[in-house]
Amino acid sequence: MLTFSEAQVLAWINPLLWPFLRALALFSSMPVLGSATVPVPVRIGLAAFIAYAAQASLPLAPVVALDSAPALMMVAQQVVIGLTLGFAVQLVFAAIGFAGEVIGLQMGLNFAGFFDPISANQETATSKFFGTTVGWLFIVMNGHLLVIAALVQSFHAFPVGPAPFAFLHQMQPQRWGAEIFSTGLWIALPLVTMLLFVNFVLGAISRVAPQMNVFAIGFPITLGVGLLGLLLTLPMLQQPFTMALNRLLDQFK
């Protein structure tokens, strides 16, 4: 009859438990995999698979009793780090959505808003288009593998320990909100400049030829120029998205 001691069971469970909790918290908060369309059992299975596959590259974790106070603090630490990593990726997606909102405002498409049942937010057509495009780009450029690599590296930068709030004090994630505005305006700036020039030309036409109804011809011209600008600038979306994603993920390495 096989018998196991408590120390042996804890030595088997502890190395798998901490990366599993951190990966599960990540998959619950990151875009694409953390959306409501991905079933919870799929996230649990992916977290368990990554926790098992990454064992060879993870540092040794302390073995503690699961019903002790240090174990509860370690659970809190894994959840906090995993959620923060997912929050960092969400910020990059939010920056792309913000760029779409600014462009839609300049194009006059803010009236074309609709309710997105997945994100439970009111979105414009351009913001939804940018969000869908960057979601596909995230998978095509292996962004999910970059996030998983950052998750594994985070165990070296922030090893398992009973101090969950030391990570927040060191990382200061509340300062990352500026990334939304800097990256979003960087992406939207070429189109916004183009549309401002179009509005300037329309204003000059209204002064030179007052008999022309600028409001009747201005909207289709602005919309057409905006769509043409989207077509020209869309291939360049990968560079700012990749740079912003790597910049935030590097903090976990």
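This write-up is about the structure you can find in this document. What you see is a predicted model, and the numbers here were worked out from it, not measured in a lab.

1. Considering the overall build of the protein chain
Argument step 1. Within the protein chain, the secondary structure is distributed over nine helices and two strands.
Argument step 2. Helices and strands in the protein chain line up, N terminus first, as α-α-α-β-β-α-α-α-α-α-α.
Argument step 3. For 253 residues, the compact-globule estimate of 2.2 N^0.38 gives 18 Å, and the protein chain exceeds it by more than 25% at 24 Å.
Argument step 4. In terms of principal-axis extent, the alpha carbons of the protein chain reach across some 95 × 35 × 30 Å.
Argument step 5. By residue count, 40% of the 253 residues in the protein chain fall in the buried class.
Argument step 6. Summed over all atoms, the accessible surface of the protein chain reaches about 13,500 Å², with 73% contributed by carbon and sulfur.

2. A short note on the nonpolar core
Argument step 1. Ranked by internal contacts, the top residues of the largest apolar core, which has 46 residues, are Leu85, Phe138, Val147, Phe241, Leu245 and Phe252.
Argument step 2. With 13 residues, helix H3 (residues 69-107) is the single largest residue contributor to this core.
Argument step 3. Beyond its immediate stretch of four places on either side in the chain, Phe138 contacts Met30, Val32, Val89, Phe93, Gly143, His144, Val147, Phe241 and Leu245.

3. Considering the environment of Met30
Argument step 1. Tracing the backbone through its elements, the reader meets Met30 in the loop between helix H1 (6-29) and helix H2 (40-53).
Argument step 2. Sequence separation between Met30 and Ala51 is 21 residues, and the spatial gap between their C-alpha atoms is 17 Å.
Argument step 3. When near neighbours in sequence (up to four residues on either side) are disregarded, Met30 contacts Ser35, Gly86, Gln90, Phe138 and Val147.

4. Brief notes about the pattern of salt bridges
Opposite charge on two side chains makes pairing possible when the charged atoms of those side chains draw close.
Argument step 1. On inspection of all chains with the given rule, the structure shows one salt bridge.
Argument step 2. As a salt-bridge pair, Glu179 and Arg247 come within 2.3 Å of each other at their nearest N and O atoms. Of this pair, Glu179 sits in helix H7 (residues 178-208) while Arg247 sits in helix H9 (residues 238-249), and the two are 68 residues apart along the sequence.

5. Things to note about unusual backbone geometry
Argument step 1. If you check the backbone angles, Val32 has positive phi at about 65° while not being a glycine.
Argument step 2. Summarising the element assignment, Val32 is placed in the loop between H1 and H2.
Argument step 3. Relative accessible area serves as the criterion here: at 29%, Val32 is assigned to the partly exposed category.
Argument step 4. Although it is not a glycine, Asn142 sits at a positive phi angle of roughly 60°.
Argument step 5. Residue classification places Asn142 among the partly exposed residues on the basis of a relative accessible area of 39%.

6. Description of the side chain of Ser154
Argument step 1. Of note, Ser154 is situated in helix H5 (residues 143-157).
Argument step 2. Of note is the side chain of Ser154, whose polar atom sits 2.5 Å from the backbone oxygen of Leu151.
Argument step 3. If we ignore the near neighbours within four places in the chain, the residues touching Ser154 are Arg22, Ile81, Pro159 and Phe252.

7. Comments concerning the packing of H3 against H9
Argument step 1. Packing of H3 against H9 brings their axes to within 10 Å, and their N-to-C directions diverge by 155°. By the angle between their directions, the pair H3 and H9 is classed as roughly antiparallel. In the packing of H3 onto H9, the handedness of the crossing is right-handed. On H9, the residues that touch Leu85, Ala88, Val89, Leu91, Val92, Phe93 and Ile96 of H3 are Phe241, Ala244, Leu245, Leu248 and Leu249.

8. Re the packing of helix H4 (residues 125-140) against H9
Argument step 1. H9 packs onto H4 with a crossing angle of 65° between their chain directions and a minimal axis gap of 11 Å. Seen from above, H4 lies across H9 with right-handed handedness. Packed against H4, whose contacting residues are Val134, Leu137 and Phe138, the element H9 presents Gln238, Phe241 and Leu245 at the interface.
Argument step 2. Along the lines of polarity and charge, the residues of the contact of H4 with H9 split into five nonpolar, one polar and no charged.

9. What to know about the packing of aromatic side chains
Argument step 1. According to the stated counting rule, one finds six aromatic pairs in the structure shown.
Argument step 2. For the pair Phe87 and Trp176, a centre-to-centre distance of 6.4 Å together with 20° between the ring planes defines the contact as stacked. Residue Phe87 is located in helix H3, and its partner Trp176 is located in the loop between helix H6 (164-171) and H7; the two are separated by 89 residues in the primary sequence.
Argument step 3. For Trp176, a relative accessible area of 6% translates into the label buried.
Argument step 4. An aromatic cluster of at least three residues, connected via ring pairs, comprises Phe87, Trp176 and Phe252.
Argument step 5. When the ring centre of Phe155 is taken as origin, the NZ or CZ atom of Arg22, which lies over that ring, is 3.8 Å away.

Cut-offs and rules
- Residues numbered from 1 in each chain as written.
- Predicted model: local features only at pLDDT ≥ 70, side-chain atom pairs only at ≥ 80, totals over all residues.
- Heavy atoms only, no water.
- Helix = DSSP H or I, 4+ residues; strand = E, 2+ residues; numbered from the N terminus.
- Rg over C-alpha atoms; globule rule 2.2 N^0.38 Å.
- Buried < 20%, exposed > 50% of the residue type's maximum accessible area, 1.4 Å probe, protein only.
- Areas by Shrake-Rupley, 256 points an atom, 1.4 Å probe, with all protein chains shown as cover.
- Core = buried A, V, L, I, M, F, W, Y, C linked by side-chain atoms within 4.5 Å.
- Contact = heavy atoms within 4.5 Å.
- Salt bridge = Lys/Arg side-chain N within 4 Å of Asp/Glu carboxyl O.
- Polar contact = N/O pair within 3.5 Å; in protein donor to acceptor, adjacent residues only side chain to side chain.
- Axes fitted to C-alpha atoms, helices over the stretch in contact; angles between N-to-C directions.
- Parallel < 35°, antiparallel > 145°, perpendicular 65-115°, else oblique.
- Left-handed = near helix turned anticlockwise from the far one by under 90°.
- Nonpolar A, V, L, I, M, F, W, Y, C, P; charged D, E, K, R; others polar.
- Phe/Tyr/Trp six-rings, centres within 6.5 Å; stacked < 30°, edge-to-face > 60°.
- Lys NZ or Arg CZ within 6 Å of the ring centre and 35° of its normal.

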